[in-house]
Amino acid sequence: MEGAALFQFLLRMGDNTLILGHRVSEWCGHAPVLEEDIALANTALDLIGQTQMWLGLAAEVEGQGRSADDLAFLRDVWDFRNLLLVEQPNGDFGQTILRQFLFDAWHVEMLRRLTDSSDARIAAIAAKALKEARYHVERSGDTVIGLGDGTDESHARMQAALDRLWPYLGEMFHGDGVDEAMEKAAIAPAAEALRAPVSERIEAVLDKATLSIPETRHARSGGKSGVRHSEHLGHLLTQMQWLQRAYPGATW
Amino acid sequence: MYAQMVQSTGKGVKTRAEMTEEEARFQDRIDAGEKIEPRDWMPEGYRKTLIRQIGQHAHSEIVGQLPEGNWITRAPTLERKAILLAKVQDEAGHGLYLYCAAETLGVSRDELTQDLLSGRMKYSSIFNYPTLTWADMGAVGWLVDGAAIMNQVPLQRTSYGPYSRAMIRICKEESFHQRQGYDIMMKMAKGTPEQKRMAQDALNRFWYPSLMMFGPSDADSVHSAQSMAWKIKINTNDELRQKFVDQTVPQAELLGLTIPDPELKWNEARGHHDFSQPDWSEFFAVIQGDGPCNSERMEARRKAWDDGAWVREGLMAHAAKKAARKVAAE
Amino acid sequence: MSTEWPLWEVFIRGQHGISHRHVGSLHAPDAEMAMKNARDVYTRRNEGVSIWVVEARHITASSPSDKGPFYEPSHSKVYRHPSFFDIPDEAGHM
């Protein structure tokens, strides 16, 4: 049981960074200013690198002879375990950077705790990823503040992005059997344990950004369990997996 | 190359007798291999030609992100995705360095961008060709970057300090670009029959557009003569094109691919390969805006600029508010 | 209102113990973003351990016409260089 749960947990970590990294990479060549284009690519590169580590370990734990690439390119929608938040489309730059910040705020907290994981392999990946995530959250947080507290237009766009994405936040903190097994084995923290520190960080930034937290609505879920992804993920995979699917068995 | 057909403002190279005292002193410094720095005296023609050339080069890097960016989300493995993204990101960086070099000549990046978007300034013809298969990522790295490097390496010695320093940095970073392209080609050429077909098809489509990158023959061009006297152009277009062909032929053989030119053969007497010229009427059509992807490329750049306006303005407004709050607190 | 972000000059210390060196420029709305942009643009290949950014308009540069008076006088102060002095080898390393 624990092996299966561990595999699921590693897929969650790796699929989050895979799908978000993919989304961020869509900006390459299209960002509002060159400096931002380069910075977004750095974020995407970090996330792809983390994906290789998480999915590599997942494949090892699974022990079926699959590779990180097999997991990334040859699973269908229902086998993905990422949060619904990260598969949401880029929208405008405001929606992209807000999605990034909400994820980063959770990601640093999660990684920080994973550096104490009872599984040394997980602790090692987390230690490397944490350094990257700390920079990501600082950059995305400052950009959210700058745009929220910028012009009337930038403020309105950021508020709209927040209203759009807010219902996806709750999924991060809803624990299930996988989370319980991980907590019991001291591999990862309980999902709920991250709620307070993550919320605190998010609220502090939104406050400086002069953005109002939307009224609580029904929290969307179904991504990390794989039970019900959004329609967006299938289109993303169609593109991402095209070559591997069209030319099975080829090496690239 | 990335700056094809840059018009210089002069009417040919002035003789010593025609030069003013300042111009003669300037030419002496260049002949002595000295670098010209932003605050130094320079002829207006030198300044204007440089702005056009560096600007065109910068625009080429930025538009050049698009054909390869077209495949980032479809890269076949995680490692290929990371490599391609890092490479396209480098191109953004190179555009940035070059815009900064141009800015030392008294023009702003926004002004240059406006000139690109309005069509007043050009970018390399090569980026108006589509990337249709994954093998095109190999061909672009191998051929397009190969051609670019051939032009950029000598430009490290160009007379204008900021341009030279930008080129040194660019060449250092770009050394992996061509290799990653060739690496993709090797995998494809030695892969499945479909992969091999893709590789040959990519070479077929990118061969002549790559030869066009060096620009038409400039043997008799007065613009080129002046630029060479000022050391902002180091080799003639034909020299570089020949060098490129000579370098590429054995690389294609190693891949087991055929260069799509029946006239291509080694000329013992010249010590070079003879080869067919590209269709120059196609080149001029592409430069004038009638290439396969000109509209798409410009639409993408305009959209990025227009959609980004609120972001640039928003962050600037926040910076101003922050500065004002700081002053108020002091 | 012009919304073009100001130009910043970037200086990077490549290794511990070495001086900061000018590596290039970039645009940013304020000092904090300039620092982050410098990190993202100019340290993509592990180039640095420390970054300075300064807004370009705050740099005071010597003017080219000062070249003579500024730098040539030091040409004649050859006694500032160790090779000016002939010391017998017997005196040992000095």
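Q: Explain the overall build of chain C here, please?
A: For chain C, the count of helices and strands is two helices and three strands. Its helices and strands in sequence order give chain C the pattern β-β-α-β-α, from N to C terminus. A compact globule built from 94 residues should have a C-alpha radius of gyration of about 12 Å, whereas chain C, at 21 Å, is more than 25% larger. Each principal axis of the C-alpha distribution contributes one length, and for chain C these read about 70 × 35 × 15 Å.

Q: Teacher, can you tell me more about the side chain of Ser230 of chain A here?
A: Residues and elements named next belong to chain A. Among the structural elements, Ser230 can be located in the loop between α9 (195–208) and α10 (231–240). For Ser230, the side chain forms a polar contact with the side chain of Glu87, separated by 2.6 Å. Residues contacting Ser230, with those up to four places away along its chain left out, are Leu84, Glu87 and Gln88.

Q: I keep staring at the sheet that holds strand β3 (residues 50–55) of chain C and nothing clicks. Help me out?
A: The strands making up a sheet associate through backbone hydrogen bonding, with each pair oriented either parallel or antiparallel. The three strands lie next to each other as β2-β1-β3 (chain C), forming an open sheet whose pairing is antiparallel. Each end of this open sheet is capped by a strand with a single partner; those strands are β2 (20–27) and β3 of chain C. Geometrically, the sheet is characterised by an average inter-axis angle of 25 degrees between neighbouring strands, direction not taken into account. Contacts from helix α4 (residues 78–103) of chain B reach β1 (7–13) and β2 of chain C, with the element oriented near 90 degrees to β2 of chain C.

Q: I keep staring at helix α10 (residues 237–255) of chain B and nothing clicks. Help me out?
A: Note on helix geometry: an α-helix contains 3.6 residues per turn, so any two residues three or four positions apart are oriented the same way. All names here are of chain B. Taking 1.5 Å as the rise per residue, α10 with 19 residues should run 27 Å; its terminal C-alpha atoms sit 27 Å apart, in good agreement. All of the buried residues along α10 are Asn237, Leu240, Arg241, Gln242, Phe244, Val245, Asp246, Thr248, Val249, Ala252 and Leu255. Residues of α10 that are buried sit in contact with α6 (135–155), α7 (161–189), α8 (193–212), β2 (272–274) and α11 (280–290). Phi turns positive one or two residues past the end of α10, at Gly256, with a value near 75 degrees.

Q: Help me out: how do you make sense of the interface of chain B and chain A in this one?
A: The interface of chain B with chain A comprises 46 residues on the first partner and 48 residues on the second. Summed over both sides, the interface between chain B and chain A buries roughly 4000 Å², with carbon and sulfur atoms accounting for 69% of that surface. Scanning the region where chain B abuts chain A turns up three salt bridges. Between chain B and chain A we count 16 residue pairs in polar contact (both at pLDDT 80 or more) in total. Looking at the side of chain B that touches chain A residue by residue, the class counts come to 23 nonpolar, eleven polar and twelve charged.

Q: Mind showing me how you'd approach the environment of Leu194 of chain A here?
A: Residue and element names in this part refer to chain A. Relative to the assigned elements, Leu194 resides in the loop between α8 (177–184) and α9. Taking the C-alpha atoms as reference points, Leu194 and Leu236, 42 residues apart in sequence, are found 29 Å from one another. Other than its neighbours up to four places away in sequence, Leu194 contacts Trp106, Glu109, Met110, Arg113, Phe173 and Pro189.

Q: In this structure, what is going on with the nonpolar core? I would like to understand it.
A: A general trend in soluble globular proteins is that nonpolar side chains are found buried together. Phe9, Leu114 and Val144 of chain A together with Trp134 of chain B are the most contacted members of the largest nonpolar core, which has 151 residues in total. Of the residues forming this core, the biggest block, twelve residues, is contributed by helix α5 (residues 93–114) of chain A. Phe9 of chain A has contacts with Met110, Leu114, Ile122, Val178, Met182 and Ala188 of chain A, leaving out every residue within four places of it along the chain. Grouped together as the second largest cluster of nonpolar side chains are 44 residues, Ile30, Ala58 and Tyr97 of chain B together with Val10 of chain C included.

Q: Is there a simple way to think about the interface of chain C and chain A in this case?
A: Note: interface size is frequently given as the accessible area lost on complex formation between the parts. In this assembly, ten residues from chain C lie in contact with ten residues from chain A. Where chain C abuts chain A, roughly 1000 Å² becomes buried across the two surfaces, and 56% of that area is made up of carbon and sulfur atoms. Broken down residue by residue, the surface that chain C buries against chain A is led by Lys36, Arg39 and Asp40 of chain C, which jointly contribute 50%. In this structure, the connection of chain C to chain A is made through three salt bridges. Between the two partners, chain C and chain A, sit eight residue pairs in polar contact (both at pLDDT 80 or more). For the side of chain C that touches chain A, a count of residues per class yields four nonpolar, two polar and four charged.

Q: It is not clear to me how the side chain of Ser159 of chain B should be interpreted in this structure. Could you clarify?
A: Residue and element names in this part refer to chain B. Tracing the chain through its elements places Ser159 in the loop between α6 and α7. At a separation of 2.8 Å, a polar atom in the side chain of Ser159 contacts the side chain of Tyr46. In this view, Ser159 contacts Ile30, Glu34, Lys35, Ile36, Tyr46, Trp230, Lys231 and Ile232; residues no more than four positions away in its chain are not counted.

Q: Help me understand helix α1 (residues 21–31) of chain B in this model?
A: The set of residues buried in α1 of chain B consists of Glu23, Ala24, Phe26, Gln27, Arg29 and Ile30 of chain B. Phi turns positive one or two residues past the end of α1 of chain B, at Gly33 of chain B, with a value near 80 degrees.

Q: Would you take a moment to explain the packing of α7 of chain B against α10 of chain B for this structure?
A: When two helices pack together, their arrangement is given by the angle between their axes and by how far apart the axes lie. All names here are of chain B. Interaxial distance between α7 and α10 falls to 10 Å at its minimum, and their mutual angle equals 35 degrees. Contacts between α7 and α10 involve Gln178, Tyr182, Met185, Met186 and Ala189 from the former and Gln247, Gln251, Leu254 and Leu255 from the latter. Its residues assigned to classes, the contact of α7 with α10 comprises six nonpolar, three polar and no charged.

Q: I would appreciate a short explanation of the pairing of β1 of chain C in the present structure.
A: Here is the key point about a regular strand: its side chains alternate between the two faces of the sheet. Residue and element names in this part refer to chain C. Counting buried residues in β1 gives five out of seven residues, a clear majority hidden from the surface. Here β1 pairs with β2 via seven bridges, running antiparallel. Bridge pairing in β2 links Ile12 to Arg21. If you look at the hairpin formed by β1 and β2, you'll find six residues sitting between the two strands, and Gly17 has a positive phi there, around 90 degrees. In this sheet, β3 lies alongside β1 in antiparallel orientation, the contact comprising six bridges. Bridged to Arg13 within β3 is Ser50.

Q: Looking at this model, I keep getting lost on a nonpolar patch on the surface. Mind explaining?
A: Together, Val78, Tyr79, Phe84, Phe85, Ile87 and Met94 of chain C give the surface a local cluster of nonpolar side chains, amounting to about 650 Å² of exposed area. In this fold, Val78 of chain C is placed in the segment after α2 (67–71).

Q: Is there a simple way to think about unusual backbone geometry in this case?
A: In terms of backbone geometry, most residues other than glycine have negative phi values and most peptide bonds are trans. All names here are of chain A. A positive phi angle, close to 60 degrees, is found at Ala186, a residue other than glycine. With respect to the helices and strands, Ala186 occurs in the loop between α8 and α9. Judged by its relative accessible area of 44%, Ala186 is partly exposed. Positive phi, normally seen in glycine, also occurs at Thr210, with a value near 55 degrees. Assignment of secondary structure puts Thr210 in the loop between α9 and α10. Here Thr210 falls in the partly exposed class, since its relative accessible area comes to 40%.

Q: Help me understand the packing of aromatic side chains in this model?
A: For any pair of aromatic rings, the description consists of the separation of the ring centres together with the inter-plane angle of the planes. The tally for this structure, following the rule as stated, stands at 14 aromatic pairs over all chains. Seen from their ring centres, Tyr247 of chain A and Trp252 of chain A are 6.1 Å apart, and the 70 degrees between their planes marks the pair as edge-to-face. Residue Trp252 of chain A is classed as buried on the basis of its relative accessible area, which comes to 6%. Seen from their ring centres, Tyr46 of chain B and Trp230 of chain B are 5.6 Å apart, and the 90 degrees between their planes marks the pair as edge-to-face. Of this pair, Tyr46 of chain B sits in helix α2 (residues 44–63) while Trp230 of chain B sits in the loop between α9 (222–229) and α10, placing them 184 residues apart in sequence. In this structure, Tyr46 of chain B and Trp230 of chain B share a single accessibility class: buried. Looking at Arg220 of chain A, its charged tip hangs above the ring of Tyr168 of chain A, at a distance of 5.8 Å from the centre.

Definitions and cut-offs
- Residues numbered from 1 in each chain as written.
- Chains lettered and ligands numbered in written order.
- Predicted model: local features only at pLDDT ≥ 70, side-chain atom pairs only at ≥ 80, totals over all residues.
- Heavy atoms only, no water.
- Helix = DSSP H or I, 4+ residues; strand = E, 2+ residues; numbered from the N terminus.
- Rg over C-alpha atoms; globule rule 2.2 N^0.38 Å.
- Polar contact = N/O pair within 3.5 Å; in protein donor to acceptor, adjacent residues only side chain to side chain.
- Contact = heavy atoms within 4.5 Å.
- Pairing = 2+ DSSP bridges.
- Axes fitted to C-alpha atoms, helices over the stretch in contact; angles between N-to-C directions.
- Expected span 1.5 Å × (residues − 1).
- Buried < 20%, exposed > 50% of the residue type's maximum accessible area, 1.4 Å probe, protein only.
- Buried area = accessible area lost by both parts, 1.4 Å probe.
- Salt bridge = Lys/Arg side-chain N within 4 Å of Asp/Glu carboxyl O.
- Nonpolar A, V, L, I, M, F, W, Y, C, P; charged D, E, K, R; others polar.
- Core = buried A, V, L, I, M, F, W, Y, C linked by side-chain atoms within 4.5 Å.
- Patch = residues over 30% accessible without salt bridge, like charges linked within 9 Å, V, L, I, M, F, W, Y side chains within 5 Å.
- Areas by Shrake-Rupley, 256 points an atom, 1.4 Å probe, with all protein chains shown as cover.
- Phe/Tyr/Trp six-rings, centres within 6.5 Å; stacked < 30°, edge-to-face > 60°.
- Lys NZ or Arg CZ within 6 Å of the ring centre and 35° of its normal.

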